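Okay, here's what each chain looks like letter by letter:
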Amino acid sequence: MKFIVIGITDNPNPWFPPEVMEIISKGKVFSGGKRHHEIVVPLLPQDAKWIDITVPLDAVFEQYNSQLSILNCQLIIVFASGDPLFFGFANTIKRKMPEAEIVVYPTFNSLQMLAHRLVMPYHDMHIVSLTGRPWPEFDKALIERVGKIGVLTDKEHTPAAIAQRMLEYGFTNYTMHVGEHLGNPSLEKVTTLTLEEAAKTEFSMPNCLILEQDGKDYDCALFGIPDSEFTLLDGREKMITKMPIRLLTLQALDLPKKKVFWDIGFCTGSISIEARLQFPHLQIEAFEIRPECEAIIQENTHHFGAPGIHIHIGDFLETDIENLPCPDAVFIGGHGGKLKEIMAKVLTVLADDGCIVMNSVKAPKVLTDSHQLWDEACQELGLIQEPPMRIVIDEHHPIEILKCKK
């Protein structure tokens, strides 16, 4: 099977070179979005068969196969926005039908066109697609303080929704440039706004945007957040993993190599937030039994600019984890005397190369020795322990950082 994928803009009167026009004139089966069909229908042969590209895509590819069989044809001509290899349908074809032959005739993608309208160099622009995708890659770009971010939007991730998210987490030093109907002479519009203005503005679809830092002083992400800057549970200073211990704990979790991190018993959220800021590629799932901690971690994530931490309130042992991404790094910050049960549940989903880390306080008045519970749990569950790391900070009791693997 062969695909010819032709890039188009939003121009209602598209121009194609003679080579492409000849291909279109001889085609039998065509495909694209409904908007693409409206644009190119005057150019199609009278007996052309058109297949809309809609979800589910598996059904679209089934139609391709059936139509080619009916018409005894091996060629499908697809119209796609901009450059079909730029978050485009040519990539979908490569994934769905790796053996298919693909020929691409691209045009400028929407972000290139917006940069052209702004006369803005874009070789240093970081691209994020929010078209049918969740927030993580966008959040990662913000946490990494990227200076210029090009964003592909959709009906959910609108310029207003994007601006609101940025303001909510304190990323205020950006200007937003929005391009609407780029390539359409009568509808095209380019607007430059503050985030506050963008958050209150509705834009017509299709649109895209470029975020550009405004040059104002902007604090870098802290490496080791001071304990005093966190909102605490009932103001209790002991209910937070101290900063030096926090950093050593993250080191023990080996997070640069991990993908999914679970923080069980997050309390103030200090471990999750530090991990999010230092390793923004991670997907973080944070669990806590105390409902009052939800407002605390929310306040702290907004204060430190750490979006994208998924919060689960309730007893971990009763939490449904079946549909959560399997962790390859787990920190147990609190266990309520049920450490063995928690570790056993974690092991049902822990990746083969995953690890579990816990901090044990060696305090004389503590009735239950958490290190002893850890040793017993590791032995019963067949886990391999690494040598513990013993730390003493100022006048505090010694802390042991414990780590085990399958």
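Here, every reference points to the structure presented above.
All values derive from a computational prediction rather than experimental measurement. (Residues numbered from 1 in each chain as written. Predicted model: local features only at pLDDT ≥ 70, side-chain atom pairs only at ≥ 80, totals over all residues. Heavy atoms only, no water.)

**Some remarks on the state of the cysteines**
Two cysteines form a disulfide when their sulfur atoms are joined by a covalent bond.
At step 1: This structure, assessed with the given rule, holds zero disulfides.
At step 2: Of the cysteine sulfurs around C267, a residue in no disulfide, the closest is that of C293, at 4.5 Å.
At step 3: Among the residues examined, C267 registers a relative accessible area of 7% and is labelled buried.
At step 4: Counting only cysteine sulfurs, C378 is the nearest neighbor of C404, a cysteine outside any disulfide, at a range of 4.0 Å.
At step 5: A relative accessible area of 0% places C404 in the buried class. (Disulfide = S-S within 2.5 Å. Buried < 20%, exposed > 50% of the residue type's maximum accessible area, 1.4 Å probe, protein only.)

**Some remarks on the sheet that holds strand β11 (residues 260–264)**
At step 1: Strand order in the open sheet made by the seven strands is β13-β12-β11-β14-β15-β17-β16, with mixed pairing throughout. With one partner strand each, in any of the chains shown, β13 (309–313) and β16 (384–391) form the two edges of the open sheet. In this sheet, adjacent strand axes meet at a mean angle of 15° when their direction is disregarded.
At step 2: The strands that helix α10 (residues 270–278) touches are β11, β12 (283–288), β13 and β14 (329–332); relative to β11, the one it contacts most, it runs at about 160°.
At step 3: Lying on the sheet, helix α11 (residues 293–304) is in contact with β12 and β13; it crosses β13 at an angle near 170°. (Pairing = 2+ DSSP bridges. Helix = DSSP H or I, 4+ residues; strand = E, 2+ residues; numbered from the N terminus. Axes fitted to C-alpha atoms, helices over the stretch in contact; angles between N-to-C directions. Contact = heavy atoms within 4.5 Å.)

**Things to note about the pattern of salt bridges**
At step 1: Across all of its chains, the model carries 18 salt bridges by this definition.
At step 2: Of the charged contacts in the structure, one is a salt bridge between R165 and D139, with a shortest N-O distance of 2.9 Å. One end of the pair, R165, is in helix α7 (residues 159–168); the other, D139, is in helix α6 (residues 136–143), with 26 residues separating them in the sequence.
At step 3: A salt bridge links R276 to D139, with the shortest nitrogen-to-oxygen separation between them at 3.9 Å. Placement of R276 in helix α10 and of D139 in helix α6 is noted, with a sequence separation of 137 residues between them. Exposure class is identical for R276 and D139. Each is buried.
At step 4: Taken together, the shared-partner salt bridges in this structure form one network comprising D139, R165 and R276. (Salt bridge = Lys/Arg side-chain N within 4 Å of Asp/Glu carboxyl O.)

**A short note on helix α12 (residues 339–347)**
At step 1: Those residues of α12 lying buried are L339, I342, M343, K345, V346 and L347.
At step 2: Looking at the buried positions of α12, the neighbouring elements they touch are β11, β14, β15 (355–361), α13 (370–381) and β17 (399–405).

**Looking at the nonpolar core**
At step 1: If you look at the biggest cluster of nonpolar residues, it comprises 56 residues, and the most contacted ones within it are F138, I162, L211 and F261.
At step 2: Those residues in contact with I162 that lie beyond four places of it in its chain are L130, W135, F138, V151, T153, H157, M176, L209 and L211.
At step 3: In terms of nonpolar packing, the next biggest core, distinct from the first, is built from 25 residues, I321, M343, V349 and C404 among them. (Core = buried A, V, L, I, M, F, W, Y, C linked by side-chain atoms within 4.5 Å.)

**Things to note about the packing of α12 against α13**
At step 1: Relative orientation of the contacting elements α12 and α13 amounts to 40°, with a least axis distance of 9 Å. If you check the angle between α12 and α13, you find them oblique. In the packing of α12 onto α13, the handedness of the crossing is right-handed. Residues L339, K340, M343, A344 and L347 of α12 form the contact with α13, whose own contacting residues are S370, L373, W374, E376, A377, C378, E380 and L381.
At step 2: Residues of the contact of α12 with α13, tallied by class, amount to nine nonpolar, one polar and three charged. (Parallel < 35°, antiparallel > 145°, perpendicular 65-115°, else oblique. Left-handed = near helix turned anticlockwise from the far one by under 90°. Nonpolar A, V, L, I, M, F, W, Y, C, P; charged D, E, K, R; others polar.)

**Some points on the environment of P84**
At step 1: Following the sequence through the fold, P84 ends up in the loop between β4 (75–81) and α4 (89–96).
At step 2: Sequence separation between P84 and V104 is 20 residues, and the spatial gap between their C-alpha atoms is 7.2 Å.
At step 3: When sequence neighbours within four positions are dropped, the list of residues in contact with P84 reads V5, I6, G7, F89, A90, N91, V104 and P106.

**A closer look at the side chain of E400**
At step 1: Along the chain, the position of E400 falls in strand β17.
At step 2: Among the polar contacts listed, one links the side chain of E400 to the side chain of H371, at a separation of 2.5 Å.
At step 3: Excluding anything up to four places from it in sequence, E400 contacts M358, N359, S360, K362, H371, M389 and R390. (Polar contact = N/O pair within 3.5 Å; in protein donor to acceptor, adjacent residues only side chain to side chain.)

**Brief notes about the environment of F287**
At step 1: Structurally, F287 can be placed in strand β12.
At step 2: Classification of F287 by relative accessible area gives buried; the value is 2%.
At step 3: Counting along the chain gives 21 residues from F287 to F266, while the straight-line C-alpha distance between them is 6.0 Å.
At step 4: Each residue touching F287, except ones within four places of it in the same chain, is listed here: W262, D263, I264, G265, F266, H312, F316, T319, I321 and L324.

**What to know about the sheet that holds strand β9 (residues 189–194)**
At step 1: Ordered by their spatial adjacency, five strands build an open sheet running β6-β7-β10-β8-β9, and the pairing between neighbours is mixed. Bordering the open sheet on either side are β6 (126–129) and β9, each of which pairs with just one other strand. Direction aside, neighbouring strands of the sheet carry axes that sit 20° apart on average.
At step 2: Two elements, strand β7 (residues 148–152) and strand β10 (residues 207–213), share five bridges in a ladder whose sense is antiparallel. Following the sheet pairing, G150 is matched in β10 by I210.
At step 3: Running at roughly 150° to β6, α6 makes contact with β6, β7, β8 (174–180) and β10 of the sheet.

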